[in-house]
Amino acid sequence: MSTFQAPKGTYDLIPPDSAKFLAVREAISAPLRASGYGYIETPGFEDVNLFARGVGESTDIVTKEMYTLTTKGGSELALRPEGTASVLRAALEANLHKLGNLPVKLWYSGSYYRYERPQKGRYRHFSQVGAEAIGAEDPVLDAELIILADQAYRSLGLAQFRVLLNSLGDKECRPVYREALQGFLAGLDLDEETRRRSAINPLRVLDDKRAEVQKQLAGAPMLRDHLCDACKAYHEEVRALLTAAGVAFEDDEKLVRGLDYYTRTTFEFVHDGLGSQSAVGGGGRYDGLSEMIGGPALPSVGWALGVDRTVLALEAEGVELDIPAPTSVYAVPLGEEARRVLFGVVTELRRSGVAADFAFGGRGLKGAMKSANRSGARLTVVAGERDLAEGVVQLKEMESGEQTAVPLDGVVEAIRARLV
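Computed from a prediction, not measured in an experiment: that's the story for all the values here.

Engineer: With reference to specific residues and values, describe the overall build of the chain.
Structural biologist: Broken down by element type, the chain carries 16 helices and 16 strands. Considering only C-alpha atoms, the chain reaches an extent of 90 × 55 × 45 Å along its principal axes. A buried classification covers 50% of the 420 residues belonging to the chain. Residue pairs in contact within the chain that sit at least 24 positions apart in sequence constitute 69% of those at least 6 positions apart. Within the structure as shown, the chain displays about 20500 Å² of accessible surface, and the carbon and sulfur contribution to it stands at 51%. Of the charged side chains in the chain, 49 are positive and 59 negative, and the gap between their average positions amounts to 4 Å.

Structure follows, in structure tokens:
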């Protein structure tokens with residue numbers, strides 16, 4: 001009989017590794033929660049046009065990587081390939097921008113889906129934590145988000161990541177650059193698909209990873225030479241704010257990012273220990289996205305950090321997270337009466353906030369103690385018929401092996417005192 005397996009390019013999160021993923025999510029979200037960002041959760045699928053308009057019809061995400069489906073009612077939906085468009089759609093639908101407190105600051109955590117070619121660090125189902133600040137054009141906001149991501153990574157103990165920074169200009173100066181770049185690309189030996197991409201969004205060609213394309217891009221016009229004065233000043237202020245905050249960054253003139261909606265500030269977090277899939281996260285400003293999906297003008301900025309990529313970065317640096325054992329106390333009953341009594345103790349411990357587990361299934365002492373050891377518990381409560389007759393239970397310190405008898409009616413207090 002064959003068994004089912006996880007779909008190609010996906011993974012299951014299973015204890016104890018799953019605790020590491022939870023710790024990473026917690027660490028990335030903690031600085032956001034302390035900085036005025038509220039939690040938002042959106043559906044796993046949306047109208048396919050939300051991504052076609054927002055992410056961009058020329059992007060690989062839309063043309064090659066989206067999982068799409070047609071409902072029984074004939075609606076065209078897509079599993080979300082990224083978070084920003086969904087979060088902005090939800091914020092607009094709920095009229096959060098009309099509540100008078102801009103920017104609307106939101107953070108989210110969830111699964112995303114792209115039909116990628118699977119390899120280490122690149123999956124068809126992946127997990128991200130993201131943040132969006134909607135409705136304000138302010139270089140301080142751009143700097144805040146980069147600083148919070150940097151803070152999150154450092155809190156995890158990561159040290160070997162780099163911040164790449166660029167400006168993509170705005171609707172005033174980017175068209176001028178776009179025209180200059182298209183003129184340059186027209187003279188290159190490019191395949192048909194790349195030519196089509198250059199006609200829709202030539203900046204995406206700069207992001208092409210193929211060596212034969214990159215080789216031809218030497219001498220391409222640079223966006224920095226076409227930035228208007230306003231974009232130059234904006235970008236310089238972002239750079240100055242990051243420098244003042246002690247966040248190191250590298251200027252990367254070819255940094256485009258894979259989504260069409262970015263304007264002005266764009267950035268990426270990379271880790272050289274991850275090989276070809278070196279990006280662990282990134283983001284930027286997207287001042288025109290709200291209008292692209294039918295909303296009012298709402299200049300915004302945000303980022304998304306890959307949870308799986310961050311875990312790989314931690315492993316590449318050999319960083320071990322300090323994750324507490326899930327169980328503090330393990331109860332081992334010997335006999336039916338002890339099962340009833342100790343289960344009552346476990347229930348009381350849990351109600352008082354102590355993480356406790358129980359030797360289920362009526363196993364013998366040896367097997368139950370092995371389970372207690374594997375649970376990571378600091379203390380084990382053991383009781384048999386003789387103990388109960390004397391009104392005591394045995395409390396064993398798992399590390400030292402020291403065992404003492406404590407009165408049954410005071411066992412919860414005794415355990416809490418030892419765990420302090």
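Engineer: Can you explain the pattern of salt bridges? Please cite residues and give values.
Structural biologist: Scanning all chains against the criterion turns up 22 salt bridges. Of the charged contacts, one joins arginine 122 and glutamate 116 as a salt bridge, the two residues approaching to 3.3 Å between their closest N and O atoms. Beyond isolated ion pairs, a larger network of salt bridges with shared partners links Glu46, Arg89 and Glu93.

Engineer: Describe in detail the side chain of threonine 327, supporting the description with residues and values.
Structural biologist: Mapped onto the fold, threonine 327 is located in the loop between helix H12 (307-317) and strand S12 (329-333). The residues contacting threonine 327, other than those within four sequence positions of it, are Ala355, Ala356, Asp357, Ser375, Gly376, Ala377 and Arg378.

Engineer: Could you give me a rundown of the packing of helix H5 (residues 139-155) against helix H10 (residues 229-244), with the residues and numbers involved?
Structural biologist: One can describe the packing of H5 onto H10 by two numbers: an axis separation of 9 Å at closest approach and a directional angle of 40°. By the angle class used here, H5 and H10 are oblique. As for the relative orientation of H5 and H10, their crossing is right-handed in sense. Across from Pro139, Val140, Asp142, Ala143, Ile146 and Ile147 in H5, the residues of H10 making contact are Tyr234, Glu237, Val238, Leu241 and Leu242. Residue composition of the contact of H5 with H10, by class: nine nonpolar, no polar and two charged.

Engineer: Break down the packing of aromatic side chains for me, citing the residues and quoting the values.
Structural biologist: Inspection of the entire model under this criterion finds twelve aromatic pairs. Ring geometry for tyrosine 11 versus tyrosine 123: centroids 5.0 Å apart, planes at 65°, classification edge-to-face. Pair noted here: tyrosine 11 is in the segment before helix H1 (17-33) and tyrosine 123 is in the loop between strand S5 (104-113) and strand S6 (125-134), with a separation of 112 residues, a long-range link. Members of the aromatic cluster, connected to one another through ring pairs, are Tyr153, Phe161, Phe267 and Phe269. In this structure, arginine 264 packs its charged tip against the face of tyrosine 234, placed 4.7 Å from the ring centre.

Engineer: Give me the pairing of S5: which residues, what numbers.
Structural biologist: Most of S5 is tucked away: seven of the ten residues are buried. For strand S1 (residues 38-39) and S5, the ladder comprises two bridges, and the chain directions are parallel. Among the inter-strand pairings, tyrosine 39 is bridged to a residue of S5, identified as tryptophan 107. Strand direction decides the pairing type here: S5 and S6, joined by ten bridges, are antiparallel. Counterpart to tyrosine 112 in the pairing with S6 is phenylalanine 126.

Engineer: Describe the environment of phenylalanine 269, listing the residues and the values that go with them.
Structural biologist: Looking at the secondary structure, you find phenylalanine 269 in strand S9 (residues 263-271). In this structure phenylalanine 269 comes out as buried when scored by relative accessible area, which is 0%. Considered as a pair, phenylalanine 269 and valine 24 are 245 residues apart in the sequence and their alpha carbons are 15 Å apart.

Engineer: Tell me about the sheet that holds S1, and name the residues and values.
Structural biologist: With mixed pairing, the eight strands of this open sheet are ordered in space as S1-S5-S6-S11-S10-S9-S7-S8. Both outer strands of the open sheet, S1 and strand S8 (250-251), are each paired with one neighbouring strand and no more. Note: S9 against strand S10 (residues 279-285), six bridges, orientation antiparallel. Within the sheet, the bridge partner assigned to threonine 266 lies in S10 and is glycine 284.

Engineer: Hey, could you go over unusual backbone geometry for me, with residue numbers and the actual values?
Structural biologist: Residue proline 16 is reached from proline 15 by a cis peptide bond, and omega for that bond is 5°. Backbone torsion omega between leucine 102 and proline 103 reads 0°, so that peptide bond is classified as cis. Among the secondary structure elements, proline 103 is positioned in the loop between helix H4 (84-93) and S5. For asparagine 95, which is not glycine, the phi torsion reads 55° and is therefore positive. Tracing the backbone shows asparagine 95 in the loop between H4 and S5. The partly exposed category is assigned to asparagine 95, whose relative accessible area is 33%.

Engineer: Break down the environment of serine 198 for me, with residues and values.
Structural biologist: Turning to its location among the elements, serine 198 is positioned in helix H7 (residues 192-200). Looking at serine 198, the relative accessible area reads 11%, which means it is buried. Separated by 107 residues in sequence, serine 198 and leucine 305 place their C-alpha atoms 28 Å apart. Setting aside its immediate chain neighbours within four residues, serine 198 contacts Gln182, Leu185 and Val205.

Engineer: How would you summarise the sheet that holds strand S3 (residues 68-70) if you had to cite specific residues and measurements?
Structural biologist: Taken together, the three strands give an open sheet; going across it, the order is S2-S4-S3, and neighbouring strands pair in antiparallel fashion. Both outer strands of the open sheet, strand S2 (45-47) and S3, are each paired with one neighbouring strand and no more. Across the sheet, the axes of successive neighbouring strands diverge by a mean angle of 35°, strand direction being ignored. In this structure, S3 lies alongside strand S4 (residues 76-79), joined through three bridges in antiparallel fashion. Within S4, the residue paired with threonine 68 across the bridge is alanine 78.

The rules behind these values
- Residues numbered from 1 in each chain as written.
- Predicted model: local features only at pLDDT ≥ 70, side-chain atom pairs only at ≥ 80, totals over all residues.
- Heavy atoms only, no water.
- Helix = DSSP H or I, 4+ residues; strand = E, 2+ residues; numbered from the N terminus.
- Buried < 20%, exposed > 50% of the residue type's maximum accessible area, 1.4 Å probe, protein only.
- Contact = heavy atoms within 4.5 Å.
- Areas by Shrake-Rupley, 256 points an atom, 1.4 Å probe, with all protein chains shown as cover.
- Lys, Arg positive; Asp, Glu negative; His and termini not counted.
- Charge placed at Lys NZ, Arg CZ, Asp CG, Glu CD.
- Salt bridge = Lys/Arg side-chain N within 4 Å of Asp/Glu carboxyl O.
- Axes fitted to C-alpha atoms, helices over the stretch in contact; angles between N-to-C directions.
- Parallel < 35°, antiparallel > 145°, perpendicular 65-115°, else oblique.
- Left-handed = near helix turned anticlockwise from the far one by under 90°.
- Nonpolar A, V, L, I, M, F, W, Y, C, P; charged D, E, K, R; others polar.
- Phe/Tyr/Trp six-rings, centres within 6.5 Å; stacked < 30°, edge-to-face > 60°.
- Lys NZ or Arg CZ within 6 Å of the ring centre and 35° of its normal.
- Pairing = 2+ DSSP bridges.

Everything listed here is a matter of coordinates, which is why it stays silent on function.
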